[in-house]
Amino acid sequence: MALVKIAIVSPSAPSTFSPTVKKQFKAGLAALTSLGFEYALMPHAKDNIGYKAASVTDRLSDLHAAYADPTVDIIMAANGGWTCTQLLDGLNYELIRQSSKPLAGASDITALQNAIYTKTGNPQLYSPMVTWGLHNNDSQTLQSFAALATRDQQEWSTGDFGIWLKPGTFNEWQIWTR
């Protein structure tokens, strides 16, 4: 697997708001390391100012720095939450378009992913996050994320993912539908 560097950001809820989430954060980072990924915590990734990770200015600063960093391949949200929409008007969509890096995440992060895709056309990754999904150390989730992040071909069967999927391969951002 080629070395992939992931920038960890907290664009919504804090990644450190409770002892449980702090444990999940550490476990998720350990999972990324175990998969062979390098990661960089952005300056405000561990901030906590109540129900949000950091100020709008600081969360935007982290996102923009991650998009501008030529050593970063993927940007991953540490956590979901309920405050991503606060960032939409301040995103530098031209910087994001030029970087062509996907934002990986789910939950509230989809507000950012949908806005970024709509304004730039850049693919996004609906995926596990540091504190949600990666922290469980589930081999199927970890292997699937690793293959997606490195754009390696995945083999899967309907037994693995449910009867509504067609048997085949998942490669280069292809999405199989019913």
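Quick look at the structure, then. Since we're looking at a predicted model, the values are computed, not measured.

What counts and what doesn't
Residues numbered from 1 in each chain as written. Predicted model: local features only at pLDDT ≥ 70, side-chain atom pairs only at ≥ 80, totals over all residues. Heavy atoms only, no water. Pairing = 2+ DSSP bridges. Helix = DSSP H or I, 4+ residues; strand = E, 2+ residues; numbered from the N terminus. Expected span 1.5 Å × (residues − 1). Buried < 20%, exposed > 50% of the residue type's maximum accessible area, 1.4 Å probe, protein only. Phe/Tyr/Trp six-rings, centres within 6.5 Å; stacked < 30°, edge-to-face > 60°.

### Focus: the sheet that holds strand S5 (residues 125-126)
An order of S2-S1-S3-S4-S5 is seen for the five strands of this open sheet, with the pairing classed as parallel. Each end of this open sheet is capped by a strand with a single partner; those strands are strand S2 (38-41) and S5.

### With respect to helix H5 (residues 139-150)
For H5, which comprises 12 residues, the first-to-last C-alpha distance of 16 Å matches the rise-based estimate of 16 Å (1.5 Å per residue) to within 8%. For H5, the complete set of buried residues consists of Leu-142, Phe-145, Ala-146, Ala-147, Leu-148, Ala-149 and Thr-150. One or two residues past the end of H5 sits Arg-151, with phi positive at roughly 60°.

### As for the packing of aromatic side chains
Scanning the entire structure with this criterion turns up one aromatic pair. When the ring of Phe-37 is compared with that of Phe-145, the centres are 5.8 Å apart and the planes differ by 65°; the resulting orientation is edge-to-face. Separated by 108 residues along the polypeptide, Phe-37 in the loop between helix H1 (19-34) and S2 and Phe-145 in helix H5 bring together distant segments of the chain. Of the two residues examined, Phe-37 and Phe-145, each falls in the buried class.

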